[in-house]
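# Understanding the architecture of this molecule
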Amino acid sequence: MIMVTGASGRFSSAVLAELSARGIPAVGGSRTPSAGQRHVDFSVPDSLDFNGVDILLLVPAGAQEDDRQIAFNRAAIEVAARDGVSHLVYTSLTGAGDHLSMALPHRITERIIMASGMTWTILRNGVYAEILGAPLSWERQQEEPARIVSPLGDGAVAAVARQDLACAAASVLSDPGRHERKVYELVGSRAVSTADVTGHLGCEVRDISLGEYRQLLAEVGMPAFRQSLMLSISSVIRHGFLAGTSGDLPRLLDGDPMDPLGAAAEALAARRAVVP
């Protein structure tokens, strides 16, 4: 049996839908399971149960402090090994993201998996095209043309559509024997910048420094942990560390990935409707 954790999230839901479309049965695991899903709550290790699961896609919980994230992942891996999971697939972070503040828990988790005795595959996912615009914000104005505030400078990122990553994961889960002990760099086939997004949307951009961005995050009441995370993402993109591409994604998709620009622009455009 295949299990996909984080089933209530967009990525895991897309993986389950893709497996279903391929006629491959799988079950979702979630802290708030819907019909037909199993209860999986990483914050309660004693409740974890992977009995009957042969192939597990471990999608970590949302970004948290390092010690908490690592403890959750370690508990899930230990239970998976105890309950007889034969192949563990883990959604990690692209190697180009090692400068990001969120990278350490992923690298520690990879080491734990590789030492677990289970067969494994590591999917080092790149930045979702749909959240590429997270550091960007619409200026609070009614005048046209609309203007985007950006701390990313001239930086670009090889973003990838969430659906492509879901299809890549489904390909691995469908035939795990072909992917034993493989680490895949699943980034986009082109780098997208703020200028690309604003050009696509036909709007202007106002560049701000990282210091100004820090102040903006504090003014909207973002918790300190999230502030550090967003500043890390912005700085790494700004300084060009996430622009590199890889051929791993097209190989798993057996074709070209989607153009990330359209997905990024659509997600950012949707956010404009909620700006007062």
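Predicted model only: the values in this text are computed from it and were never measured.

The next subject is the side chain of Thr94. With respect to the secondary-structure elements, Thr94 resides in the loop between strand 5 (87-93) and helix 3 (103-114). Look at Thr94 and you get buried, because its relative accessible area is 3%. At 3.0 Å, the side chain of Thr94 forms a polar contact with the side chain of Glu185. Ignoring sequence-local partners within four residues, the contact set of Thr94 consists of Arg107, Arg124, Asn125, Gly126, Glu185, Val187 and Leu242.

Here the focus is the sheet that holds strand 3 (residues 38-39). With parallel pairing, 7 strands are arranged side by side in an open sheet as 3-2-1-4-5-6-10. The sheet terminates laterally at strand 3 and strand 10 (182-186), the two strands that pair on one side only. Sheet analysis places strand 4 (residues 55-58) next to strand 5, joined by 4 bridges and oriented parallel. The residue of strand 5 that forms the bridge with Leu56 is Leu88. Helix 4 (residues 162-174) contacts strand 1 (2-5), strand 4, strand 5, strand 6 (119-125) and strand 10 of the sheet and is inclined by roughly 170° relative to strand 6.

What follows deals with the packing of helix 5 (residues 194-201) against helix 9 (residues 260-272). At their nearest, the axes of helix 5 and helix 9 sit 9 Å apart, and the two run at 70° to each other. Overall, the two elements helix 5 and helix 9 adopt an arrangement that is roughly perpendicular. Of the two possible hands of crossing, helix 5 and helix 9 adopt the one that is right-handed. Contact residues: helix 5 offers Asp196, Val197, His200 and Leu201, while helix 9 offers Leu261, Gly262, Ala264, Ala265, Leu268 and Ala269. The residue inventory of the contact of helix 5 with helix 9, partitioned by class, reads 7 nonpolar, 2 polar and 1 charged.

With that settled, consider the packing of helix 2 (residues 66-82) against helix 3. Their axes nearest at 9 Å, the elements helix 2 and helix 3 cross at an angle of 25°. Looking at the two axes, helix 2 sits roughly parallel to helix 3. At the point where helix 2 passes helix 3, the crossing takes the right-handed sense. For the pair formed by helix 2 and helix 3, the contact residues are Asp66, Gln69, Ile70, Asn73, Arg74 and Ile77 on the first element and Leu104, Pro105, Ile108, Thr109, Ile112 and Ile113 on the second. Taken together, the residues that form the contact of helix 2 with helix 3 break down as 7 nonpolar, 3 polar and 2 charged.

Turning our attention to the side chain of Gln227. Within the secondary structure layout, Gln227 lies in helix 7 (residues 224-238). The buried category is assigned to Gln227, whose relative accessible area is 15%. The contacts of Gln227, once residues within four sequence positions are left out, are Arg214, Leu217, Ala218 and Met222.

Let us look at the pattern of salt bridges. Per the counting criterion, the structure on display carries 13 salt bridges. Across the pair Arg178 and Asp175 runs a salt bridge, and its minimum N-O distance is 3.9 Å. The partly exposed category is assigned to Asp175, whose relative accessible area is 33%. Within the structure, one salt-bridge network assembled from shared partners comprises Asp98, Arg107, Glu110, Arg124 and Glu185.

The residue Arg181 is not glycine, and still its phi comes out positive at about 55°. Tracing the sequence through the fold places Arg181 in the loop between helix 4 and strand 10. Residue Asp254 is not a glycine yet carries a positive backbone phi of 60°. With respect to the helices and strands, Asp254 occurs in the loop between helix 8 (248-253) and helix 9.

A few words on helix 3. Between its first and last C-alpha, helix 3 extends 17 Å over 12 residues, near the 16 Å set by a 1.5 Å rise per residue. For helix 3, the set of buried residues is Ala103, Pro105, His106, Arg107, Thr109, Glu110, Ile112 and Ile113. Residues of helix 3 that are buried sit in contact with helix 2, strand 5 and strand 6.

With that settled, consider the nonpolar core. One finds Leu132, Val157 and Val197 to be the most contacted residues of the largest nonpolar core, which totals 32 residues. Of all the secondary-structure elements, those providing two or more residues to this core are strand 8 (147-150), helix 6 (210-219), helix 7 and helix 9. The element contributing the most residues to this core is helix 7, with 6 residues. Beyond its immediate chain neighbours, meaning those up to four positions away, Val197 contacts Leu132, Val192, Leu261, Ala264, Ala265 and Leu268. Core analysis: the second largest hydrophobic core is formed by 26 residues, Ile2, Val4, Ile55 and Leu123 among them.

What counts, and where the lines are drawn
Residues numbered from 1 in each chain as written. Predicted model: local features only at pLDDT ≥ 70, side-chain atom pairs only at ≥ 80, totals over all residues. Heavy atoms only, no water. Helix = DSSP H or I, 4+ residues; strand = E, 2+ residues; numbered from the N terminus. Buried < 20%, exposed > 50% of the residue type's maximum accessible area, 1.4 Å probe, protein only. Polar contact = N/O pair within 3.5 Å; in protein donor to acceptor, adjacent residues only side chain to side chain. Contact = heavy atoms within 4.5 Å. Pairing = 2+ DSSP bridges. Axes fitted to C-alpha atoms, helices over the stretch in contact; angles between N-to-C directions. Parallel < 35°, antiparallel > 145°, perpendicular 65-115°, else oblique. Left-handed = near helix turned anticlockwise from the far one by under 90°. Nonpolar A, V, L, I, M, F, W, Y, C, P; charged D, E, K, R; others polar. Salt bridge = Lys/Arg side-chain N within 4 Å of Asp/Glu carboxyl O. Expected span 1.5 Å × (residues − 1). Core = buried A, V, L, I, M, F, W, Y, C linked by side-chain atoms within 4.5 Å.

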